[in-house]
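Below, each chain spelled out in residue letters.
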Amino acid sequence: MSSAQGPSPSTAADVLAAAAAAPGRPFLLSGDGMMTYGQVESQARDLAASLHHLGIERGERLAILLPGCAEFIVAVFAAARLGIVVVPLNPRLPPLELRYRLRHSQAAAAVTPEMFEGIDYLQFAEDVLEDLPELGYVITVGEEDLWYDDQIYQFEDLVSAGRGKECPRPDVASDDLFAILYTAGTTGKPKGVELTHGNLVVPARQTVAELGVTSTDRVIGPSDIFHAFALGPAILGTASTGASIVLQESFDGHEALDLIERHGVTVHYGVPTHFLTELYEQRRMPRDLSSLRCGIVTGGPIADPALRHVREELCPNLQVAYSLTEAGSTLSMTRAEDPPEKQRFTVGRPLPDASVRVCDGDGSVLPVESLGEIRVRGPGVMRGYHRQPDNTRRHFDADRFLHTGDMGIVDEDGYLHLVGRQGDVIIKAGFDVYPREVESRIATHPAVRDVVVVGLPDELLGEAVCACVHMIEGAMVSAEELRAWCRPSLATYKVPDRIHFFDEFPATAAGKVGRGELARVLRAEVLRRHG
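Here we summarise the structure given alongside this text. Position numbers for residues count from 1 along each chain, tracking the sequence in the order it is written. Note on the predicted model: pLDDT of at least 70 is required for a residue's local features to be given, and 80 or more for side-chain atom pairs to be given and counted; whole-chain, interface and lining totals, by contrast, use all residues. Note that water and hydrogens are dropped before the side-chain values are worked out from all heavy atoms of the structure.

### Remarks on the overall build of the chain
Phase 1 of the analysis: Counting from the N terminus, the helices are the DSSP runs of H or I reaching at least four residues and the strands are the DSSP runs of E reaching at least two. Scanning the chain from N- to C-terminus turns up 16 helices and 28 strands.
Phase 2 of the analysis: Dimensions along the principal axes, computed over C-alpha positions, put the chain at roughly 70 × 55 × 55 Å.
Phase 3 of the analysis: Residue exposure (1.4 Å probe, protein chains only): buried if accessible area is under 20% of the type maximum, exposed if over 50%, otherwise partly exposed. The burial tally for the chain puts 55% of its 531 residues in the buried class.
Phase 4 of the analysis: Contacts were defined at the residue level, with two residues in contact if any of their heavy atoms lie within 4.5 Å. Contacts in the chain between residues at least 24 apart in sequence constitute 68% of all its contacts with a sequence separation of at least 6.

### Regarding unusual backbone geometry
Phase 1 of the analysis: A positive phi angle is found at E117, which is not glycine, with a value near 50°.
Phase 2 of the analysis: Even without glycine at this site, R387 takes up a positive phi of about 60°.
Phase 3 of the analysis: Assignment of secondary structure puts R387 in the loop between β21 (384–385) and α13 (389–394).
Phase 4 of the analysis: Take R387: its relative accessible area is 51%, and that puts it in the exposed class.

### Describing the packing of helix α9 (residues 253–263) against helix α10 (residues 272–284)
Phase 1 of the analysis: Only the stretch in contact is used when a helix axis is fitted, and all axes are lines through C-alpha atoms; the angle between N-to-C directions ranges over 0 to 180 degrees. Two elements in contact, α9 and α10, have axes whose closest approach is 9 Å; the angle formed by their N-to-C orientations is 75°. The pairing of α9 with α10 is recorded here as roughly perpendicular in orientation. Every residue of α10 that contacts α9 at G253, H254, A256 and L257 is listed here: T277, E278, E281, Q282 and R284.
Phase 2 of the analysis: Basically, the charged four are Asp, Glu, Lys and Arg, the nonpolar ten are Ala, Val, Leu, Ile, Met, Phe, Trp, Tyr, Cys and Pro, and anything else, Gly included, counts as polar. A breakdown of the residues in the contact of α9 with α10 according to their chemical character gives two nonpolar, four polar and three charged. Should an angle lie under 35 degrees it is considered roughly parallel, over 145 roughly antiparallel, and from 65 to 115 roughly perpendicular; all remaining angles are considered oblique.

### A look at the packing of aromatic side chains
Phase 1 of the analysis: Only Phe, Tyr and Trp rings take part, Trp by its six-membered ring, and two of them pair if their centres are within 6.5 Å. Stacked means planes under 30 degrees apart, edge-to-face means over 60, and tilted covers everything else. What the rule picks out here adds up to six aromatic pairs.
Phase 2 of the analysis: Ring centres of F27 and F77 lie 6.5 Å apart, and the angle between their planes is 55°; this geometry places the pair in the tilted category. Residue F27 is found in strand β1 (residues 26–30), and its partner F77 is found in helix α3 (residues 70–82); the two are separated by 50 residues along the sequence.
Phase 3 of the analysis: On the accessibility criterion, F27 (0% relative accessible area) is buried.
Phase 4 of the analysis: According to the relative accessible area criterion, F77 is buried, its value standing at 2%.
Phase 5 of the analysis: Pairing Y137 with Y153 gives two aromatic rings, centres 6.1 Å apart and planes at 50°, and the pair type is tilted.

### Re the pairing of strand β27 (residues 462–471)
Phase 1 of the analysis: Along β27, eight of the ten residues are buried, which leaves the element largely enclosed by surrounding structure.
Phase 2 of the analysis: Only strands that DSSP links by at least two bridges are regarded as paired with each other. Relative to β27, strand β26 (residues 448–458) is paired through ten bridges, and the arrangement is antiparallel. The residue of β27 that forms the bridge with D450 is H470.
Phase 3 of the analysis: Taking the residues that link successive antiparallel strands as the turn, the β26-β27 hairpin has three residues.
Phase 4 of the analysis: Inspection of the sheet shows β27 paired to strand β28 (residues 498–502) by five bridges, in the parallel sense. Each bridged residue has a counterpart across the sheet, and for C466 the counterpart in β28 is R498.
Phase 5 of the analysis: A crossover connection joins β27 to the parallel β28 through helix α15 (residues 479–486); in handedness this β-α-β unit is right-handed. Handedness of a crossover is defined as follows: with both strands directed away from the viewer, a clockwise route from the first strand across the helix to the second makes it right-handed.

### Side note on the pattern of salt bridges
Phase 1 of the analysis: A side-chain nitrogen of Lys or Arg and a carboxyl oxygen of Asp or Glu constitute a salt bridge if their distance falls within 4 Å. Evaluated as defined, the whole model comprises 28 salt bridges.
Phase 2 of the analysis: Of the charged contacts, one joins R357 and D397 as a salt bridge, the two residues approaching to 3.9 Å between their closest N and O atoms. Linking R357 in strand β19 (residues 355–359) with D397 in the loop between α13 and β22 (402–410), this pair joins segments that are 40 residues apart in sequence.
Phase 3 of the analysis: Residue R357 is classed as partly exposed on the basis of its relative accessible area of 21%.
Phase 4 of the analysis: The residue R357 makes a salt bridge to D399 at a minimum N-O spacing of 3.0 Å. Taken as a pair, R357 in strand β19 and D399 in the loop between α13 and β22 lie far apart in primary sequence, 42 residues in all.
Phase 5 of the analysis: In this structure D399 comes out as partly exposed when scored by relative accessible area, which is 38%.
Phase 6 of the analysis: Residues joined by salt bridges that share partners form a network here, namely R357, E373, R375, D397 and D399.

Encoded structure:
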């Protein structure tokens, strides 16, 4: 199915307004709760009015540190209405990483939980308001009846306070900045990807069009809701069709299957780990999943046998997508009409209006069936990296094609085959983990002489993070002690899954640590054990 024809909403606010023309249609489903398109639009308008009266205006930044909940989506559309730039952040990040992103994005306000997974965000809010002068307000989501000062407000109070107040509607265009999404570079340092309304809306609409999503569908998948794919195809794409989203605050395979059965979910998005976890859970305790008709898996490689089992036992017509934050989400995807071997071994063909090149080291375009770096151009490709003009220039060639850093092949039929990355990024459960960042933390432990971090094949995670540790002579430290050392400064998904201790590391001819040899030995051991 090709992309929709004719004029379509070009900004996030317009997408919601068009869907809310049928105000009683269900939009957000969570557990036993439901919000219609009319209710979401009304709450977004009221929250926008309160933000306006707090002095937060077009072009300023609203950071959103929430799990997959209705308030996240209301806040996104409230910001879109005013031309405010949203900065979705992973609420599970350590406080130091959240502080950096709040400062770097120059957020004027932040929406946070009161408490989430053991983190006291009220205390965090008080701390960051003292440290970050540009952060004027924190808006909290929760059930507690607490006292708030003139900088901390409760979400539902602002929605109520905005009801009936004047709310401007500035003329926002598709090429206006809408979101700054943080992703890591080769050293693990965060970069803010600037995406316009069009960068997110166009790929989102094209993705759901290729899947054939309609207003009768119910979609599940966006639990980690701060990603480009969640903001694009899952939220904006679903809204553009008038379909419904089933939300999870955090992914849980048992709960996901229960929600699919309870709500009659028809479309499933997710990363390989989600689908494989659900597959195991379905085998353990079968549910009625007959409502599922299609889905998309993205965010990392999934082996052919596992993909086949998921399609046969869990989600029929599951398509494989290649998605990048810097490209506004989906770049290419398989389609239901593709030959079976293309659906099994490729990431499909580019979306309409997207162009893909494969280039060699000097930027020369290679012929079909050649291995090289994938470069892309299209309506979803980012405006640039926030406050990093030099870095932005380095990531584009003279024809404005984006350097992805991914290695691949375009075959003679136009299908894209992903082979790997130029760097040594580990893709764990859909998250990028950069070895140097993990190595830098472990290396500060007084018992560690040297450390090398590599990715190992893992059936559930895709890749597991493995730390190879060479200790100082006479020192004693356990694997769990090293993991505990990592947790205060690394996100949970970056903490090593496995730690191997070595008396000596293999060296290259130049005397450097043989990272490649370490990875080869450990991967061979994994294959031997599971072969």
